[in-house]
Amino acid sequence: MTPLEARPFPYAYDLASTLLVIIDMQRDFIEPGGFGESLGNDVSRLSAIVPACQKVLKAWRDNGGQVLYTREAHREDLSDCPPAKRNRGNPSLRIGDVGPMGRILVAGHPGSDIVPALAPQGQEWVIDKPGKGMFYKTGLSERLQAAGVSHLIFMGVTTEVCVQTSMREANDRGYDCLLLEDCTESYFPEYKQAILDMVRAQGAIVGWTAHSESLLRQLSSGS
Ligand code: TIU
């Protein structure tokens, strides 16, 4: 395919060896009453990126691209949630407590679901991760290697927490990573901007950034 217009320079990839990675677009982070709000955050900033993510997801699927979803979600018995993580930040509702959307950040409860507008389809991959990064205790490395994946295009939340950690983990494992700048968001706009700048600094030290229009243009032209 023609390399994408991206920063700090064009991003070359093949659809067959690239996954669209959607990080933690869960009700717990995006809707009131979940984990994000329990930490004292204004969650309305995050829901604003859903339409842009939807457009990319549709175009990617229409072109036959593969999708990987992550969810930050723990086991019912919280055996995969260190006490340090549970207690951090003194939130009003801790991980595992019962909130308006069921138990906070526990797999199988409504808050851990991907928001309906971006719901996974058919055989798309969905992994639950106990940490901020998508490689920690998930077996993802082996799955990506077996599938011959070499490139990862990221969307999701939050930019400086789970998206950044996952991108850095992927970069260290040899994947070429691109972050779609209008399809990621933070509760703190200045942190998002810092991550975009940091990722593409020093000749793409962590990866590339691009506006989703760049990807949509390329997918619609079939080049
Ligand atoms: N608190 C915050 O910004 N993020 C998280 O706790 N998890 C993710 O980023 N998914």
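Quantities reported herein were computed from a predicted structural model and do not represent experimental measurements. (Residues numbered from 1 in each chain as written. Predicted model: local features only at pLDDT ≥ 70, side-chain atom pairs only at ≥ 80, totals over all residues. Heavy atoms only, no water.)

Undergrad: Is there a simple way to explain the site of the ligand in this structure?
TA: Near the ligand you find Asp24, Phe29, Phe35, Leu39, Glu72, Lys132, Val157, Thr158, Val161, Cys162 and Tyr187, and these make up its full shell. In this structure, Glu72 approaches the ligand through a side-chain N or O atom, which is 2.9 Å from a nitrogen atom. The separation between an oxygen atom of the ligand and a polar side-chain atom of Lys132 is 2.9 Å. Protein chains bury 93% of the 290 Å² of accessible surface belonging to the ligand in isolation. (Near = heavy atom within 4 Å. Polar contact = N/O pair within 3.5 Å; in protein donor to acceptor, adjacent residues only side chain to side chain. Areas by Shrake-Rupley, 256 points an atom, 1.4 Å probe, with all protein chains shown as cover.)

Undergrad: What's the story with the packing of aromatic side chains in this structure? I'm lost.
TA: Any aromatic ring pair is given by two values, namely how distant the centres are and how the planes are angled relative to each other. Going through the model one piece at a time under the given rule, you end up with seven aromatic pairs. The interplanar angle of 45° and the centroid separation of 5.0 Å between the aromatic rings of Phe188 and Tyr191 together place this pair among those described as tilted. According to the relative accessible area criterion, Tyr191 is partly exposed, its value standing at 42%. Each residue in the set Phe9, Tyr11, Tyr13, Trp60 and Trp208 is aromatic and connected to the rest through ring pairs, giving one cluster. Across from the ring centre of Trp125, 4.2 Å away, lies the NZ or CZ of Arg143, which sits over that ring. (Phe/Tyr/Trp six-rings, centres within 6.5 Å; stacked < 30°, edge-to-face > 60°. Buried < 20%, exposed > 50% of the residue type's maximum accessible area, 1.4 Å probe, protein only. Lys NZ or Arg CZ within 6 Å of the ring centre and 35° of its normal.)

Undergrad: What exactly am I supposed to notice about the packing of helix α4 (residues 50–62) against helix α9 (residues 212–221) here?
TA: For any two helices packed against each other, the geometry comes down to the angle between their axes and how far apart the axes lie. Two elements in contact, α4 and α9, have axes whose closest approach is 10 Å; the angle formed by their N-to-C orientations is 25°. By the angle class used here, α4 and α9 are roughly parallel. Relative to α9, α4 is oriented so that their crossing is left-handed. Seen from α4, the contacting residues are Lys55, Val56, Ala59 and Trp60; seen from α9, they are Ser212, Glu213, Leu215, Leu216 and Leu219. For the contact of α4 with α9, a count of residues per class yields six nonpolar, one polar and two charged. (Axes fitted to C-alpha atoms, helices over the stretch in contact; angles between N-to-C directions. Helix = DSSP H or I, 4+ residues; strand = E, 2+ residues; numbered from the N terminus. Parallel < 35°, antiparallel > 145°, perpendicular 65-115°, else oblique. Left-handed = near helix turned anticlockwise from the far one by under 90°. Contact = heavy atoms within 4.5 Å. Nonpolar A, V, L, I, M, F, W, Y, C, P; charged D, E, K, R; others polar.)

Undergrad: Before we go on, may I ask you to explain the side chain of His109 in this structure?
TA: As for its position among the elements, His109 is in the loop between β4 (102–103) and β5 (125–129). Ignoring any residue separated from it by four or fewer positions in sequence, one finds His109 in contact with Glu76, Met101, Gly102 and Arg103.

Undergrad: Got a minute to help me understand the pattern of salt bridges in this structure?
TA: A side chain with one charge can pair with a side chain of the opposite charge if their charged atoms come near. Evaluated as defined, the whole model comprises 15 salt bridges. A salt bridge links Glu213 to Lys55; its shortest N-O distance comes to 3.9 Å. Taken together, the positions of Glu213 in helix α9 and Lys55 in helix α4 put the pair 158 residues apart, joining distant regions of the chain. Judged by relative accessible area, Glu213 falls into the partly exposed class, the value being 36%. Note that Lys85 and Glu72 form a salt bridge whose closest N and O atoms lie 2.7 Å from each other. Placement of Lys85 in helix α5 (residues 83–87) and of Glu72 in strand β2 (residues 66–72) is noted, with a sequence separation of 13 residues between them. With respect to class, Lys85 is no different from Glu72; both count as buried. (Salt bridge = Lys/Arg side-chain N within 4 Å of Asp/Glu carboxyl O.)

Undergrad: When you look at the environment of Phe29 in this model, what are you seeing that I'm missing?
TA: In this fold, Phe29 is placed in helix α1 (residues 27–30). For the pair Phe29 and Asn41, spaced 12 residues apart in sequence, the C-alpha separation works out to 9.3 Å. When neighbours within four sequence positions are excluded, Phe29 is seen to be in contact with Asp24, Phe35, Gly36, Val43, Leu46, Glu72, Leu105, Val157 and Tyr187.

Undergrad: How do you make sense of the pairing of strand β6 (residues 151–157) when you look at a structure like this?
TA: Remember that side chains alternate between the two faces of the sheet whenever the strand is regular. Most of β6 is tucked away: seven of the seven residues are buried. A two-sided burial pattern is seen for β6, the buried positions comprising His151, Ile153, Met155 and Val157 on one face and Leu152, Phe154 and Gly156 on the other. Sheet analysis places strand β1 (residues 18–23) next to β6, joined by six bridges and oriented parallel. Across the sheet, Leu19 pairs through a bridge with Leu152, a residue of β6. With six bridges connecting them, β6 and strand β7 (residues 176–185) associate as parallel partners. In the sheet register, Val157 faces β7, and the bridge partner there is Glu185. In terms of handedness, the path from β6 via helix α7 (residues 159–172) over to β7 forms a crossover that is right-handed. (Pairing = 2+ DSSP bridges. Right-handed = clockwise from strand over helix to strand, strands pointing away.)

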